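Remarks on the overall topology
The lines below spell out each chain.
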Amino acid sequence: MPELPDVQIFKEYLDATALHQRVAEVLACQGSLLEDISCPALARRLTGNALTVTARHGKNLFARIGDGGYLVMHFGMTGFLRYFKDRDKSPEHTRLLLRLHNGYFLAYVCQRKLGRIGLADSLEDYAEKKQLGPDALELSRDPDAFVGRLQGHRGALKGLLMNQKVIAGFGNIYTDEVLFQAGLHPKRSAGELSDPQRRSLAATGRHVLETAIEHRVGEKGWPGNWLLPKRRKGQKCPRCGRAIERITVSGRAGYYCPGHQR
DNA sequence: TTCCATGTTCCGCA
DNA sequence: TTGCGGAACATGGA
């Protein structure tokens, strides 16, 4: 689930729940998910402080610790946050569990352990360290910058959009949706696109991301004319009725409509 | 049992 | 040297 729209919703969830609540105790910590810090060191850093401000860059969620640096959370393929009052309701696969001064708990849950938790002095430092490209939502709102960012690449469009070093935020799911709505084949070479086509791709990307966030489509179900609810081989394309096909592009499964994506 | 899955990283090839 | 694509990683459900 956790691509840019999902992480934006996690951010809003954290803002509405655990934000400003001081951490009383770190009750669980999976060391293998931590980047460049130990569990005891992380616990020392968090205990007695509150998460005060949140931010997001691509698929990374940042939460400022007191007035110091940031806790950085990446959710892998299966991560999410949960805020709850009864410790017995602690979700399975909780990898970091905070007890807060108001008696509630905040859990970072990650079944497949592909997520990461770390610290950063600033968003800029972290983005540089991870070589992250500009945030996809911000970049798509600036069509000229988006066009410039895509120039000079010649690989498959799907791989390009999923490359976090080029643009941070699109994953496998939403890349399929953007290319579907843009009418572009996932294997189409990025180098073949004209600048007007790149500009149009920015508008489609912006529309998909904003719609997904505003309507919480990941939770509530996707619009019927989107690819995502039909993202299985043999389903009918909601635009032209052709059968959806599955191909492998840049090492990932891609679903597309051979009728109108070229 | 085998395959597949919304994540990133690493390695080999051109 | 750089860009691209595939394999590997950890875990569990179909």
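Located above this text is the structure these notes cover.
To keep things clear, this report deals only with the structure shown in the data block. Not measured: the values here are computed from a predicted model.

Turning to its location among the elements, Lys 233 is positioned in the loop between helix H9 (217-220) and strand S9 (245-249). Between the C-alpha atom of Lys 233 and that of Ala 243, which follows or precedes it by 10 residues, the distance is 7.4 Å. Other than its neighbours up to four places away in sequence, Lys 233 contacts Ile 244, Arg 246 and Tyr 255.

What follows concerns helix H8 (residues 195-214). With 20 residues, H8 should reach 28 Å at 1.5 Å per residue; the first-to-last C-alpha distance of 28 Å fits that figure. For H8, every residue scored as buried is listed here: Arg 198, Leu 201, Ala 202, Thr 204, Gly 205, Val 208, Leu 209, Glu 210, Thr 211, Ala 212 and Ile 213. Two residues or fewer after H8 comes Arg 216, characterised by a positive phi angle close to 45°.

Let us now look at the side chain of Glu 177. Tracing the backbone shows Glu 177 in helix H7 (residues 172-182). Buried and unpaired, Glu 177 has no salt bridge, with Arg 239 as the nearest side chain of opposite charge at 5.6 Å. Side-chain polar atoms of Glu 177 contact the side chain of Gln 181, separated by 2.8 Å. With sequence-adjacent residues up to four places away left out, Glu 177 is seen in contact with Val 208, Trp 226, Leu 227 and Leu 228.

For the coordinates displayed, the defined rule picks out 14 salt bridges. A salt bridge links Arg 99 to Glu 25, with the nearest nitrogen and oxygen atoms 3.0 Å apart. Placement of the pair is Arg 99 in strand S6 (residues 94-100) and Glu 25 in strand S1 (residues 23-29), with a sequence separation of 74 residues. Note that Glu 35 is salt-bridged to Lys 130, the shortest N-O span being 2.5 Å. Of this pair, Glu 35 sits in the loop between S1 and helix H2 (39-46) while Lys 130 is found in the loop between helix H3 (123-129) and helix H4 (136-140), placing the two residues 95 residues apart along the sequence. Relative accessible area serves as the criterion here: at 31%, Lys 130 is assigned to the partly exposed category. Here the salt bridges do not stand alone but share partners, grouping Arg 141, Arg 206 and Glu 210 into one network.

Contacts to DNA strand C come from His 93, Gln 111, Arg 112, Lys 113, Leu 114, His 153, Arg 154, Gly 155, Ala 156, Ser 250 and Gly 251. For DNA strand C, the fraction of protein-proximal atoms (within 4 Å) that sit in sugar or phosphate groups is 79%. One of the side-chain N or O atoms of Ser 250 is found 3.5 Å from a phosphate oxygen in DNA strand C. Across the surface near DNA strand C, the residue classes tally to 2 nonpolar, 6 polar and 3 charged.

As a further point, take the pairing of S6. Within S6, 6 of the 7 residues are buried, which leaves it mostly tucked inside the rest of the structure. With 5 bridges joining them, S1 and S6 adopt antiparallel strand pairing. Bridged to Val 23 within S6 is Leu 100. With 5 bridges connecting them, S6 and strand S7 (residues 105-110) associate as antiparallel partners. Bridge pairing in S7 links Arg 99 to Phe 105. Between S6 and S7, which pair antiparallel and follow one another directly, the connecting turn spans 4 residues, one of which, Gly 103, has a positive phi of 95°.

Our next topic: the state of the cysteines. On inspection of all chains with the given rule, the structure shows 1 disulfide. Here Cys 240 stays unpaired: no disulfide links it, and the sulfur of Cys 257, its closest cysteine neighbor, is 3.3 Å away.

Turning next to empty space enclosed by the protein. Empty space among the atoms can be located by rolling a probe the size of a water molecule over them. Applying the stated criterion across every chain yields a total of 1 cavity of 30 Å³ or more. Taken as a whole, the largest cavity encloses approximately 60 Å³ of empty space. Lining the largest cavity, in full, are Leu 51, Leu 71, Met 73, Leu 81, Leu 96, Leu 98, Leu 106, Ala 107 and Tyr 108. For the lining of the largest cavity, the secondary-structure elements that each account for two or more residues are strand S4 (70-74), S6 and S7. Sort the elements by how many residues they give to the lining of the largest cavity and S7 lands first, with 3 residues.

Before going further, it helps to spend a moment on the layout of surface pockets. Of the pockets and cavities examined, the largest pocket occupies roughly 550 Å³. Lining of the largest pocket is provided by 21 residues; of these, Glu 3, Lys 59, Gly 76, Met 77 and Asn 172 occupy positions nearest its centre. Among the elements of the structure, helix H6 (157-162) and H7 are those that each provide at least two residues to the lining of the largest pocket. In terms of residues, the lining of the largest pocket owes the most to one element, H7, which gives 3 residues.

Reading guide: rules and limits
- Residues numbered from 1 in each chain as written.
- Chains lettered and ligands numbered in written order.
- Predicted model: local features only at pLDDT ≥ 70, side-chain atom pairs only at ≥ 80, totals over all residues.
- Heavy atoms only, no water.
- Helix = DSSP H or I, 4+ residues; strand = E, 2+ residues; numbered from the N terminus.
- Contact = heavy atoms within 4.5 Å.
- Expected span 1.5 Å × (residues − 1).
- Buried < 20%, exposed > 50% of the residue type's maximum accessible area, 1.4 Å probe, protein only.
- Lys, Arg positive; Asp, Glu negative; His and termini not counted.
- Salt bridge = Lys/Arg side-chain N within 4 Å of Asp/Glu carboxyl O.
- Polar contact = N/O pair within 3.5 Å; in protein donor to acceptor, adjacent residues only side chain to side chain.
- Near = heavy atom within 4 Å.
- Nonpolar A, V, L, I, M, F, W, Y, C, P; charged D, E, K, R; others polar.
- Pairing = 2+ DSSP bridges.
- Disulfide = S-S within 2.5 Å.
- 1 Å grid on protein atoms, 1.4 Å probe; cavity = no way out; pocket = protein on both sides within 12 Å on 5 of 7 lines; lining within 4 Å.
- Points joined across faces, edges and corners; volume = space filled by probe spheres on them.

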